[in-house]
Amino acid sequence: MSSAFKPEQARIPPALALPTPPLNKFKIGLCQLTVTPDKERNIKHARKAIQDAAQKGAQLVVLPEIWNSPYSNDSFPVYAEDIDAGHDASPSTAMLAEVSVQMKIVIVGGSIPERCGDKLYNTCCVFGTDGKLKAKHRKIHLFDIDIPGKITFTESKTLTAGETPTIVDTDVGRIGIGICHDISFQELAMIYASRGAHLLCYPGAFNMTTGPLHWELLQRARAVDNQLYVATCSPARDAGAGYVAWGHSTLVGPFGEIIATTEHDEDIIIAEIDYSVLEQRRTNLPLPKQRRADLYRLIDIQRRE
Ligand SMILES: O=C(O)CCC(=O)C(=O)O
């Protein structure tokens, strides 16, 4: 142990008491969309799917990772939008802002390629029921993989990694955001849980190699470890695309139970979330109290209280 070590630093930041959510029960809509090379069509199509989900009662709608563009390093620079430059420069987020206020829903807007200066990011925008941008998450863990003969993809060729975990208070509770490969890093989910998240949303596009083995496993693990809801939303599978998505958008409850899921075709899942189950599970199985803060620690570098 170094002489600089101070025992109080060994403590995991105390979990925030679960904040009282603005509502306990509501419906979530997961729009597993087909994505084509035609951006205008993708935007219209997403708008219609969000409206359909809202008409079916969803108060929170989640879109897939990279829903306005093909998922490829060649496409990212071409389809990228300057989100900070306003609606004219970002037709995809302009649509999300408009439809969220029109339908009075919260939208976790999947992700789109974002241009900011000379950098590109894989970015998820969250809109409130008033149509205002509430949060912007830039994918923190870029997806670089090389399994010869199976899948090789190097997001870092074109994209820059985000630097900030994103947790946002909305009309449907406190939501931690991750994009696809971000789900593989349990520390991020633990930090969101320690900051009082009710729900984690991961727009994602797993593939035909890691999808069957890891997609459901990771979602259920993040939910069980942290005793909260986890929602994922994938593009629908296009077997002819350069990158073939696994699909299987899913809602998982805080005991690791699959509440709703789908196969790989286009679909809109509508499912109920009940936050009163969170307290119940944490009483049934009090993991936060059982943690051995004297033996291990998680440091939340950016937490400001
Ligand atoms: O982590 C994986 O296996 C898949 C991740 C991925 O497809 C992505 O981050 O886009």
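For clarity, every value in this text was computed on a predicted model and none was experimentally measured.

Draft legend 1. Structural detail: the sheet that holds strand β9 (residues 166-170). Strand order in the open sheet formed by six strands is β9-β10-β11-β12-β13-β14, and the pairing between neighbours is mixed. The open sheet terminates on both sides in strands that have one partner only, identified here as β9 and β14 (258-261). Shown here is a sheet whose adjacent strand axes are inclined to one another by a mean of 20°, direction ignored. Note: strand β10 (residues 173-177) against strand β11 (residues 199-203), three bridges, orientation parallel. Its bridge partner being in β11, G176 is matched across the sheet by L200. Against the sheet, helix α4 (residues 186-194) makes contact with β9, β10 and β11, and its axis sits at roughly 145° relative to β11, the strand it touches most.

Draft legend 2. Main features of the site of the ligand. Close contacts around the ligand come from E65, Y71, K139, F143, C180, H181, S184, A205, F206, N207, T210 and Y243, and that covers them all. Between H181 and the ligand, the recorded distance is 2.6 Å, taken from a side-chain N or O atom to an oxygen atom. T210 places a polar side-chain atom, nitrogen or oxygen, 2.7 Å from an oxygen atom of the ligand. Taken by itself the ligand offers 290 Å² of open surface, and the protein chains cover 98% of this. Its residues assigned to classes, the shell around the ligand comprises six nonpolar, four polar and two charged.

Draft legend 3. Focus on the environment of A260. With respect to the element layout, A260 can be found in strand β14. Classification of A260 by relative accessible area gives buried; the value is 14%. Through-space distance from the C-alpha of A260 to that of A231 is 9.6 Å; in sequence the pair is 29 residues apart. When sequence neighbours within four positions are dropped, the list of residues in contact with A260 reads S249, T250, L251, I269 and A271.

Draft legend 4. Quick look at the side chain of T262. Structurally, T262 can be placed in the loop between β14 and β15 (267-274). The class for T262 is buried, based on a relative accessible area of 12%. Sequence-distant contacts of T262, defined by excluding residues within four places in its chain, comprise Q32, H248, S249, D267 and I269.

What counts, and at which threshold
Residues numbered from 1 in each chain as written. Predicted model: local features only at pLDDT ≥ 70, side-chain atom pairs only at ≥ 80, totals over all residues. Heavy atoms only, no water. Pairing = 2+ DSSP bridges. Helix = DSSP H or I, 4+ residues; strand = E, 2+ residues; numbered from the N terminus. Axes fitted to C-alpha atoms, helices over the stretch in contact; angles between N-to-C directions. Contact = heavy atoms within 4.5 Å. Near = heavy atom within 4 Å. Polar contact = N/O pair within 3.5 Å; in protein donor to acceptor, adjacent residues only side chain to side chain. Areas by Shrake-Rupley, 256 points an atom, 1.4 Å probe, with all protein chains shown as cover. Nonpolar A, V, L, I, M, F, W, Y, C, P; charged D, E, K, R; others polar. Buried < 20%, exposed > 50% of the residue type's maximum accessible area, 1.4 Å probe, protein only.

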